[in-house]
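# Examining the three-dimensional arrangement
Residues per chain, in single letters:
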Amino acid sequence: MHYAPTSEPCPLPFNPFKACTVPRPIGWISTRSSAGIDNLAPYSQWQNLTFDPPMVMFAANQYSDGRRKHTVINAEQTGWFVWNMCTYDLRNAMNITAQEWPEGVDEFAQAGLTKAACIDALAPRVAESPAHFECRYLSTHRLRGNSGHGWVDVVYGEVVRIHVKDEVLTPQGKLDYAAIKPLARMGYYDYAAVSETFEMRIPQASGMAADGLEGKP
């Protein structure tokens, strides 16, 4: 099976594009509007970009009527956004925040989540989340879509604060994935919880060029 997605109809009953790019980390992003209203929404198009300094991005498709997402507007206007790690235990709360709530609605309250203050960022963190990044907004790259919903804002930020709860660290100082069970987006309406991992190092690799942020050289 093959097809040209921009010129041919998909021959499958479900589009395989997102289902092939898996698992995708969830960018559970909290922001605060210029009017002081807190916002929280998940984005499955989220990723690290580099590590020196640490930078991240998330992509937010606009609404079909042309409105841009509150998360993007808030980050641009205030200069900050916060990433909160989503876990299996927080899956239902995350799903509630995925709804298209009207402007001015506080998704923290709708999902029954607790707010924790940041050090630099204006928006609060999700207190129940085990890890957070405070991100200083850098820029937005807007990409044209073939439909109203296809337009996308790619938002870049620099991580200026990293929070990790002590109870989710192993005695060796690593994240305990089996205890955390980070949530990831698959295709369709499917998700995955990471509970099993294995280590594999690059043969004969050493130094910062190979290790990056994986360990201290």
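Presented here is a report on the structure given in the accompanying data block.

Rules behind the numbers
- Residues numbered from 1 in each chain as written.
- Predicted model: local features only at pLDDT ≥ 70, side-chain atom pairs only at ≥ 80, totals over all residues.
- Heavy atoms only, no water.
- Pairing = 2+ DSSP bridges.
- Helix = DSSP H or I, 4+ residues; strand = E, 2+ residues; numbered from the N terminus.
- Axes fitted to C-alpha atoms, helices over the stretch in contact; angles between N-to-C directions.
- Contact = heavy atoms within 4.5 Å.
- Buried < 20%, exposed > 50% of the residue type's maximum accessible area, 1.4 Å probe, protein only.

Across the sheet, 7 strands lie side by side as β3-β2-β6-β9-β10-β5-β4; this open sheet has antiparallel pairing. Each of the sheet's edge strands pairs with one partner strand only, and the pair in question is β3 (38-43) and β4 (46-51). Across this sheet, the average inter-strand angle for adjacent strands is 30°, counted without regard to direction. Note: strand β2 (residues 27-32) against β3, 6 bridges, orientation antiparallel. In the sheet register, Thr31 faces β3, and the bridge partner there is Asn39. The strands touched by helix α2 (residues 70-78) are β2, β3, β5 (54-61), β6 (80-84), β9 (131-143) and β10 (152-164); relative to β2, the strand with the most contacts, the crossing angle is about 50°.

Turning next to the pairing of β3. A regular strand places its side chains so that they alternate between the two faces of the sheet. Most of β3 sits inside the fold, with 6 of its 6 residues counted as buried. Burial of the side chains of β3 extends over both faces: Asp38, Leu40 and Pro42 are buried on one face and Asn39, Ala41 and Tyr43 on the other. Connecting β2 to the next strand, β3, in antiparallel fashion are 5 residues, including Gly36 with a positive phi near 90°.

Quick look at the sheet that holds strand β11 (residues 183-185) now. Pairing in this open sheet of 3 strands is antiparallel, and the strands run β1-β11-β12 from one edge to the other. The sheet is open, and its two edges are formed by β1 (24-25) and β12 (191-193), each paired on a single side. As defined by bridge partners, β1 adjoins β11 across 2 bridges and the pair is classed as antiparallel. Its bridge partner being in β11, Pro25 is matched across the sheet by Ala184.

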